[in-house]
Amino acid sequence: MLNMADGLARLGALAAHPVVATLARAFADAGFDLAVVGGPVRDALLGRPTNDLDFTTDALPDDILRIVKPIATAHWDIGRAFGTIGARVQGEQVEITTYRADSYDGVTRKPTVEFGDTIDGDLARRDFTVNAMALQVPAVKLVDPTGGVEDLVARILRTPADPAVSFGDDPLRMLRAARFSAQLGFDIEEGTRAAIERLRATLKIVSPERIQSELVRLMQTDDPVRGIRVLVDTGLIEEFLPEVSALRLEVDEHHHHKDVYEHSLTVLTQAIELEHTRNPGAEPDVALRIAALLHDIGKPRTRKLEDGGVVTFHHHDIVGARMARKRMQSLRFDGDTTDAVATLIELHLRFFGYAEGAWTDAAVRRYVRDAGDLLERLHILTRADVTTRNKRKASRLASAYDDIESRIAALREQEELDSIRPEVDGNRIQEVLGIKPGREVGEAYRFLLDLRLDEGVLGADAAEQRLREWWAARS
């Protein structure tokens, strides 16, 4: 429950923030209004940490630049066409924007920028009422023309204007509703939610890059599952990530199997918990979280009813990795993130062979080599993938994974497991065999790598002897 007395005290503290106070004095001395706007005001009222500082003012961009130059160590005007000036003041990055009254063409999502005359008009054009509040400084006056405080108390998300108009202006706001629901733990007001269901197809006019950026922000929250449920239940996810809603496999009365959608959400939740346990204080691992959400997306495509009513999903790991790579590329994710997600999905079943029977040291080495620098993430994903309610089975799998991690640690002490390579390099292969660069050198290298994985460290002399024997037998 929001305590207004405490909230108002926190607003006073926000106004006294050194950066806020410095800018407030500078704008007041120049004869202009200034207000902290949006997220910082909302978070101060809620008692949440305040991060980026955003301001709005009646000053035009040229005036903003003139005011901030003497008090900023750096400034930039990349957003000048939209009325936004950025600056670094006392070590913090801030953005200051002239009151706006944007309108959109509803086709390209490109705004026609019009500077507004009042702060109330500026706030009315924002995405949700809880983000449409401002703190005027230095007067320390809360401006809330759309009922943001009441919605904070009720813990709901509602658009300041008719949701059809708000989402028509910028359909990305529908995706932001899911993100704020997860970030704040708020419900979406009934009319706003209905508008998302009705207007979801308009998300098609939003660029993949903007959708990707908002999806990343959702996955960085402490409880992305809440937001994902909003996306699936409203159908919005069909417009950019339909593989997730496809996980809701129909369970027929004769061929029962686990609800893959709910299982995937549980895996995501458990992966986040393990993230915090194993890497306390680390930044949210977006690639790991996306891999946890998508790790079983190959199941609908590989689902097969076998004789006796058994449901199988053979090779869903390989199929799912390909599907994930294609979807990540369509959303313009960078190559490293895409590779990480696809590789984790492809490898997520590998461990279960270990649980069924002891691996040789060679198999453990191959597991480490194939995972590469994703090994810690693979540990987390594999452990999180155990969602059985059978306590005995869960305990057995956990014990097996404890064992494989112990064996990896022991082997690391014996050899450089993280950088497994043959003990004879390409140049030496050519010298020993008397051959020139070409396909045969690659074949010899692969033979030596398999030898290294299967038998561990042999020493260069022994490896060269085995290479000669292999070459002679091959010849």
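Computed from a predicted model, the values in this text were never measured in an experiment. (Residues numbered from 1 in each chain as written. Predicted model: local features only at pLDDT ≥ 70, side-chain atom pairs only at ≥ 80, totals over all residues. Heavy atoms only, no water.)

> Got a sec to walk through the pattern of salt bridges? Specific residues and values, please.
Going through the model one piece at a time under the given rule, you end up with 38 salt bridges. Its salt-bridge partner being Glu 262, residue Arg 229 comes within 2.9 Å of it at the nearest N-O pair. One end of the pair, Arg 229, is in helix α11 (residues 224-234); the other, Glu 262, is in helix α13 (residues 260-278), and 33 residues separate them in sequence. With relative accessibility at 31%, the residue Arg 229 sits in the partly exposed group. A relative accessible area of 30% means that Glu 262 is categorised as partly exposed. Each of Asp 127, Arg 176, Arg 179, Glu 214 and Arg 217 takes part in salt bridges that share partners, so that together they form one network. (Salt bridge = Lys/Arg side-chain N within 4 Å of Asp/Glu carboxyl O. Helix = DSSP H or I, 4+ residues; strand = E, 2+ residues; numbered from the N terminus. Buried < 20%, exposed > 50% of the residue type's maximum accessible area, 1.4 Å probe, protein only.)

> How would you explain the pairing of strand β4 (residues 84-89) if you had to name every residue and give the values?
With five of six residues buried, β4 is to be regarded as a mostly interior element. Across three bridges, the pairing between strand β3 (residues 74-76) and β4 is antiparallel. By the bridge assignment, Trp 76 is partnered in β4 with Gly 86. When β4 meets strand β5 (residues 92-98), the two strands line up antiparallel, connected through six bridges. Paired with Arg 88 across the two strands is Gln 93, which belongs to β5. Between β4 and β5, which pair antiparallel one after the other, the connecting turn spans two residues, and Gln 90 there sits at a positive phi close to 50 degrees. (Pairing = 2+ DSSP bridges.)

> Residue-level account of the packing of aromatic side chains, with values.
Scanning the entire structure with this criterion turns up four aromatic pairs. Note on Phe 447 and Trp 470: the rings are 5.1 Å apart at their centroids and 15 degrees apart in plane angle, and the pair reads as stacked. You can see Phe 447 sitting in helix α23 (residues 439-455) and its partner Trp 470 sitting in helix α24 (residues 460-474), a full 23 residues away along the chain. Accessibility expressed as a relative area gives 19% for Trp 470, which makes it buried. Members of the aromatic cluster, joined through ring pairs, are Phe 447, Trp 470 and Trp 471. The positively charged end of Arg 179 is found above the aromatic ring belonging to Phe 180, 4.4 Å away from the centroid. One cation-aromatic arrangement involves Lys 299 over Phe 313; the distance from NZ or CZ to the ring centre is 4.9 Å. (Phe/Tyr/Trp six-rings, centres within 6.5 Å; stacked < 30°, edge-to-face > 60°. Lys NZ or Arg CZ within 6 Å of the ring centre and 35° of its normal.)

> Summarise helix α16 (residues 316-330); cite the residues concerned and give the values.
Because an α-helix completes one turn every 3.6 residues, residues spaced three or four positions apart along the sequence face the same direction. Compared with the 21 Å implied by 1.5 Å per residue over 15 residues, the 21 Å span of α16 between its first and last C-alpha is a close match. When α16 is considered as a whole, its buried residues turn out to be His 316, Asp 317, Val 319, Gly 320, Ala 321, Met 323, Ala 324 and Met 328. On its buried face, α16 is in contact with α12 (242-245), α14 (286-294), α15 (299-302) and α17 (335-347). Looking one or two residues beyond α16, the residue adopting positive phi is Arg 332, at roughly 65 degrees. (Expected span 1.5 Å × (residues − 1). Contact = heavy atoms within 4.5 Å.)

> An account of the sheet that holds strand β8 (residues 134-137) is requested, with residue identities and associated values reported.
Read across the sheet, seven strands follow the order β3-β4-β5-β2-β1-β8-β9 without closing on themselves; strand pairing throughout is mixed. Unpaired on one side and paired on the other, β3 and β9 (141-143) mark the two borders of the sheet. Neighbour to neighbour, the strand axes of the sheet diverge by 30 degrees on average, direction disregarded. Helix-sheet contacts for helix α1 (residues 4-15) involve β1 (34-37), β2 (53-57), β8 and β9, and the interaxial angle to β8 is about 50 degrees. (Axes fitted to C-alpha atoms, helices over the stretch in contact; angles between N-to-C directions.)

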